[in-house]
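Remarks on the overall topology
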There are 4 protein chains.
Amino acid sequence: MTAQRRELERVNAFSDGVFAIAITLLVLNIDVPDVATGELGHAIKDLGDDLLAYAIGFAVMGLFWYGHHRLFSRLARSDGRLVLTNMLLLGLVGLMPFSTGVLGNYDGPLAVSIFAANVGLATIVDGFLHLIARNDELEEPDAVRMPHELSLTWARAVVFLVSIPIAYLASPEIAQYVWLLLIAIVFLRRWG
Amino acid sequence: MTAQRRELERVNAFSDGVFAIAITLLVLNIDVPDVATGELGHAIKDLGDDLLAYAIGFAVMGLFWYGHHRLFSRLARSDGRLVLTNMLLLGLVGLMPFSTGVLGNYDGPLAVSIFAANVGLATIVDGFLHLIARNDELEEPDAVRMPHELSLTWARAVVFLVSIPIAYLASPEIAQYVWLLLIAIVFLRRWG
Amino acid sequence: MTAQRRELERVNAFSDGVFAIAITLLVLNIDVPDVATGELGHAIKDLGDDLLAYAIGFAVMGLFWYGHHRLFSRLARSDGRLVLTNMLLLGLVGLMPFSTGVLGNYDGPLAVSIFAANVGLATIVDGFLHLIARNDELEEPDAVRMPHELSLTWARAVVFLVSIPIAYLASPEIAQYVWLLLIAIVFLRRWG
Amino acid sequence: MTAQRRELERVNAFSDGVFAIAITLLVLNIDVPDVATGELGHAIKDLGDDLLAYAIGFAVMGLFWYGHHRLFSRLARSDGRLVLTNMLLLGLVGLMPFSTGVLGNYDGPLAVSIFAANVGLATIVDGFLHLIARNDELEEPDAVRMPHELSLTWARAVVFLVSIPIAYLASPEIAQYVWLLLIAIVFLRRWG
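Now for a quick tour of the structure. This is a predicted model, so every value here is computed, not measured.

**Quick word on the overall build of chain A**
Helix and strand counts for chain A stand at 8 helices and 0 strands. Along chain A, from the amino end to the carboxyl end, the secondary structure elements read α-α-α-α-α-α-α-α. Reported as C-alpha extents along the three principal axes, the dimensions of chain A are approximately 60 × 35 × 30 Å. Here chain A holds 192 residues, and the buried ones make up 59% of them. For chain A, the share of sequence-separated contacts (at least 6 apart) that also reach a separation of at least 24 residues comes to 77%. Surface summary for chain A: the accessible area is close to 7,500 Å², and the carbon and sulfur share equals 64%.

So this is what it looks like as structure tokens:
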């Protein structure tokens, strides 16, 4: 293994670590209820919003990681631009336990917008990662890209950003349905 | 190392990360007591339930990880179905610090049922992972499976799900003894 | 890389993960003070015990990890006994953020004893790991052991367990000096 | 892969783990607000300082990790001195979620000084890591160092330590502008 490959492996390891930790910290937003034993049933029912936010956050971050891991599996080497842009992406991913916590604890368009802005920005940075990998010719020569991979990344960013005015003009619920639809489409496409 | 193998390695690294983090977050359910120094002895004794829940949660998740690591050590490649189903498994594993916290803080059948449902569902998803690995022919051609591996996975799922009516109809303690018996059996089988 | 080696690598990765997470969770025991800006100086001074406990916990766990990584670097394969005993060790390591938190928050012999018991038990399990590696012939044939490695592991366990009666019969401070002396000796021996 | 290389890989994995966890724990300093839904907007605006501290902490630790990963990618083997000094570095990195939390929650020179001291000390230890790698001849014979790498490490340490008197004599804001300037310079140098 060359020093070049070793450097890339450590970027992978560090990124996987941040993704894995951020996704696992989501559970800390679901507080163990502090009520009398007889009230536990009601308290658990009240956690419905938290559990839905956990599921949405986990799905979004999981699909994110999946895209990241497909891109990085194709790389032959890294450069400064890639590592620094990746660091920015990880900084936005690292914020997601916070914005998922806001989503689970508040109704209304602002909470939905905070989550959508976090995901939308991270997706845009993800798109730039793809651009850097191409422009700086970091990919293995025989790497196979999924068709329309980059266009679909931009499309995902647009959907999340457009869900912000939807949350204000239509309703926060509709914005969340839009996300769920997007998650379902990405899921089905990768499943097939 | 081929791109295919590298993709698989990252699924491994990400999964190991989530398992390791979720299992280590269990300790956050054992609060450092906040009492006068003279009362520390009593406060520690009151942590008995938390420590038992920690031990059960750690054992269940540890044996889970063990099965996961045996399956993934046999794989030659991954596909979308495997990665997405694995993500669902990790989402359920990531919830276990919550359900272990509920188990440690509450008596009664509901707390036991929440833990059992979490483990039972995760075990069912684990069974589907085994099925996908076989159907999609992802295993190394010369891979050696443990005898009856899949049947025993379904059996473990059934035991946890059946412990829910046991907790309500008999008692939560008996349900927990059933788990401990199962853990002991799996432990002894893997030890030998 | 054979399936055998891959299995071992995942045990390594999982163990490194738990050690790294548990050691990093120690910081959560040092609460960011919640006082007026003018009082921050006093509040930071009151954190002295927490910082000392952090340093002791980090040093003990760091040297632990070092011994673990030296043993596992020598292994050629794992077996059920090793993985399960390692899981028990990780369960005790995973408790150390709790016992380090107790150590930082309480004076008196009980807090010192809880920390010493946690470390002592983990060291004993570590000794059994060494025994299993030898008895089950899991080490590479050409592996080089440090001289007296196993005897020194037992000696470390004895020191921590003996520090418990020292804390009660002499004083908790003397027990902690004993640890610091031991940490210094191990440190110097590995440094040289 | 030799035992020597395997030992080094585990030092890498453990270090990456601690860096990744410490950087991801920064988000726990940004509490999800606990207010009425209508007050969420104001509460989020009040998080401005926390978000700025998160960004500074993430950037500092990210660039730290980058330097660490460049050094360790050049190594052919580790020795006791390197592992123990690295452990000291990780102990200081592990404190950064605490000092970043202090930075986000308090105005005034003391909070700025705590953060600067933590980063400054860690940078000095980082410099010693470079020295040990050279003196103990741990680097690959054909390793390529960045020009002036070690001098620039000392310079970074000096900047952070000098920002402490700046915070007291000039103002805490100016001290933070000095950091931001340094971060921008390092960033641009690595980007290019």
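Read on for the rest.
**Focus: the arrangement of the chains**
You won't find any contact between chain A and chain C; their C-alpha atoms come no closer than 9 Å. In this assembly chain B lies apart from chain D, the nearest approach of their C-alpha atoms being 9 Å.

**Observations regarding unusual backbone geometry**
When glycine is set aside, most residues are seen to have a negative phi, and most peptide bonds are trans. Residues and elements named next belong to chain B. We note that glutamate 137 has phi near 50°; this positive angle belongs to a residue other than glycine. Its location among the elements puts glutamate 137 in the loop between α6 (109–135) and α7 (149–169). Although it is not a glycine, histidine 148 adopts a positive phi angle of roughly 60°. Structurally, histidine 148 is set in the loop between α6 and α7.

**Topic: helix α7 (residues 149–169) of chain D**
Residues and elements named next belong to chain D. The terminal C-alpha atoms of α7, which comprises 21 residues, lie 31 Å apart, in line with the 30 Å expected from a rise of 1.5 Å per residue. When we look at burial in α7, the residues that qualify are Glu149, Leu150, Thr153, Arg156, Ala157, Phe160, Ser163 and Ala167. Elements in contact with the buried residues of α7: α3 (48–73), α6 (109–135) and α8 (172–191).

**Side note on the packing of aromatic side chains**
Tallied over the full model, the rule gives 24 aromatic pairs over all chains. Ring geometry for phenylalanine 115 of chain D versus tryptophan 179 of chain D: centroids 4.9 Å apart, planes at 35°, classification tilted. Linking phenylalanine 115 of chain D in helix α6 with tryptophan 179 of chain D in helix α8, this pair joins segments that are 64 residues apart in sequence. Here phenylalanine 115 of chain D falls in the buried class, since its relative accessible area comes to 0%. Taking NZ or CZ as reference, arginine 190 of chain A lies 5.0 Å from the ring centre of tyrosine 66 of chain A, over its face.

**A word on the interface of chain B and chain C**
Between chain B and chain C, the residue contacts involve 42 residues of the former and 36 residues of the latter. Where chain B abuts chain C, roughly 3,200 Å² becomes buried across the two surfaces, and 72% of that area is made up of carbon and sulfur atoms. Among the residues of chain B in contact with chain C, Val32, Trp65 and Trp191 of chain B are the three that bury the most area, contributing 19% of the side total. At the surface where chain B touches chain C, the tally comes to 2 salt bridges. Close ionic contact of arginine 6 of chain C with glutamate 140 of chain B constitutes a salt bridge, the shortest N to O distance being 3.0 Å. Here chain B is connected to chain C by 10 residue pairs in polar contact (both at pLDDT 80 or more). Within the residue set of the side of chain B that touches chain C, elements represented by two or more residues are α1 (3–25), α2 (40–45), α3 (48–74) and α8 (172–191) of chain B. Broken down by element, the residue count for the side of chain B that touches chain C peaks at 12 residues, all from α3 of chain B. Per-class residue counts for the side of chain B that touches chain C are 25 nonpolar, 9 polar and 8 charged.

**Side note on the relation of the copies chain B and chain C**
The transform that puts chain B on chain C rotates by 90° and translates by 0.0 Å along the axis, for an RMSD of 0.0 Å. The operation mapping one copy onto its partner corresponds to a four-fold rotation axis. The share of interface residues of chain B whose copies in chain C are also at the interface is only 7%, consistent with the copies meeting through different surfaces.

**Points about a negative patch on the surface**
On the surface, a cluster of negative charge is made up of Asp46, Asp49, Asp107 and Glu173 of chain A. Residue placement: aspartate 46 of chain A occurs in the loop between α2 (40–45) and α3 (48–73).

**Section: the interface of chain A and chain D**
Of the residues lining the interface, 36 residues belong to chain A; the matching set on chain D comes to 42 residues. At the junction of chain A with chain D, the criterion picks out 2 salt bridges. Inspection of the region where chain A meets chain D yields 10 residue pairs in polar contact (both at pLDDT 80 or more). For the side of chain A that touches chain D, the secondary-structure elements that each account for two or more residues are α1 (3–25), α4 (80–94), α5 (96–105) and α6 (109–135) of chain A. Counted by class, the side of chain A that touches chain D contains 22 nonpolar, 8 polar and 6 charged residues.

**Notes on helix α8 (residues 172–191) of chain A**
Under the 1.5 Å per step criterion, the end-to-end length of α8 of chain A is 28 Å for 20 residues, consistent within 8% with the ideal 28 Å. Among the residues of α8 of chain A, Pro172, Ala175, Gln176, Trp179, Leu182, Ile183, Val186 and Arg190 of chain A are the ones counted as buried. On an axial view of α8 of chain A, the arc spanned by its buried residues comes to 115°, and they lie on one face. Projecting away from the buried face of α8 of chain A at angles above 90 degrees are the exposed residues Tyr177, Leu181 and Leu188 of chain A. The secondary structure elements touched by the buried residues of α8 of chain A are α3, α5, α6 and α7 (149–169) of chain A together with α4 (80–94) of chain B.

**Looking at the packing of α1 of chain A against α3 of chain A**
All names here are of chain A. Orientation of α1 relative to α3, taken along the N-to-C sense of each, is 175°, at an axis distance of 10 Å. When the axis of α1 is compared with that of α3, the two are roughly antiparallel. In contact with Leu8, Val11, Asn12, Ser15, Asp16, Phe19, Ala22 and Ile23 of α1, α3 contributes Phe58, Met61, Gly62, Phe64, Trp65, His68 and Phe72. The residue makeup of the contact of α1 with α3, split by class, is 10 nonpolar, 4 polar and 1 charged.

**Some details on the layout of surface pockets**
Estimates place the volume of the second largest pocket at around 1,400 Å³. Around the second largest pocket, the lining is made up of 47 residues, and of these Glu9 and Ala13 of chain A, Ala13 of chain B, Ala13 of chain C together with Ala13 of chain D lie nearest the centre. Of all the secondary structure elements, the ones that give two or more residues to the lining of the second largest pocket are α1 and α3 of chain A, α1 of chain B, α1 (3–25) of chain C together with α1 (3–25) and α3 of chain D. A class-by-class count of the residues in the lining of the second largest pocket yields 19 nonpolar, 10 polar and 18 charged.

**Concerning the packing of α3 of chain B against α6 of chain B**
Residues and elements named next belong to chain B. Relative orientation of the contacting elements α3 and α6 amounts to 5°, with a least axis distance of 11 Å. Classed by the angle they form, the pair α3 and α6 counts as roughly parallel. Here Ile56, Gly57, Val60, Phe64, His68, Leu71, Phe72 and Arg74 of α3 come into contact with α6, specifically with Phe115, Val119, Ala122, Thr123, Asp126, Leu129, His130 and Ala133. When its residues are assigned to classes, the contact of α3 with α6 shows 10 nonpolar, 4 polar and 2 charged.

Conventions adopted
- Residues numbered from 1 in each chain as written.
- Chains lettered and ligands numbered in written order.
- Predicted model: local features only at pLDDT ≥ 70, side-chain atom pairs only at ≥ 80, totals over all residues.
- Heavy atoms only, no water.
- Helix = DSSP H or I, 4+ residues; strand = E, 2+ residues; numbered from the N terminus.
- Buried < 20%, exposed > 50% of the residue type's maximum accessible area, 1.4 Å probe, protein only.
- Contact = heavy atoms within 4.5 Å.
- Areas by Shrake-Rupley, 256 points an atom, 1.4 Å probe, with all protein chains shown as cover.
- Expected span 1.5 Å × (residues − 1).
- Phe/Tyr/Trp six-rings, centres within 6.5 Å; stacked < 30°, edge-to-face > 60°.
- Lys NZ or Arg CZ within 6 Å of the ring centre and 35° of its normal.
- Buried area = accessible area lost by both parts, 1.4 Å probe.
- Salt bridge = Lys/Arg side-chain N within 4 Å of Asp/Glu carboxyl O.
- Polar contact = N/O pair within 3.5 Å; in protein donor to acceptor, adjacent residues only side chain to side chain.
- Nonpolar A, V, L, I, M, F, W, Y, C, P; charged D, E, K, R; others polar.
- Least-squares fit on C-alpha atoms with pLDDT ≥ 70 in both.
- Patch = residues over 30% accessible without salt bridge, like charges linked within 9 Å, V, L, I, M, F, W, Y side chains within 5 Å.
- Lys, Arg positive; Asp, Glu negative; His and termini not counted.
- Charge placed at Lys NZ, Arg CZ, Asp CG, Glu CD.
- Arc of directions from axis to C-beta.
- Axes fitted to C-alpha atoms, helices over the stretch in contact; angles between N-to-C directions.
- Parallel < 35°, antiparallel > 145°, perpendicular 65-115°, else oblique.
- 1 Å grid on protein atoms, 1.4 Å probe; cavity = no way out; pocket = protein on both sides within 12 Å on 5 of 7 lines; lining within 4 Å.
- Points joined across faces, edges and corners; volume = space filled by probe spheres on them.

Note that all results are geometric; they support no functional claim without further evidence.
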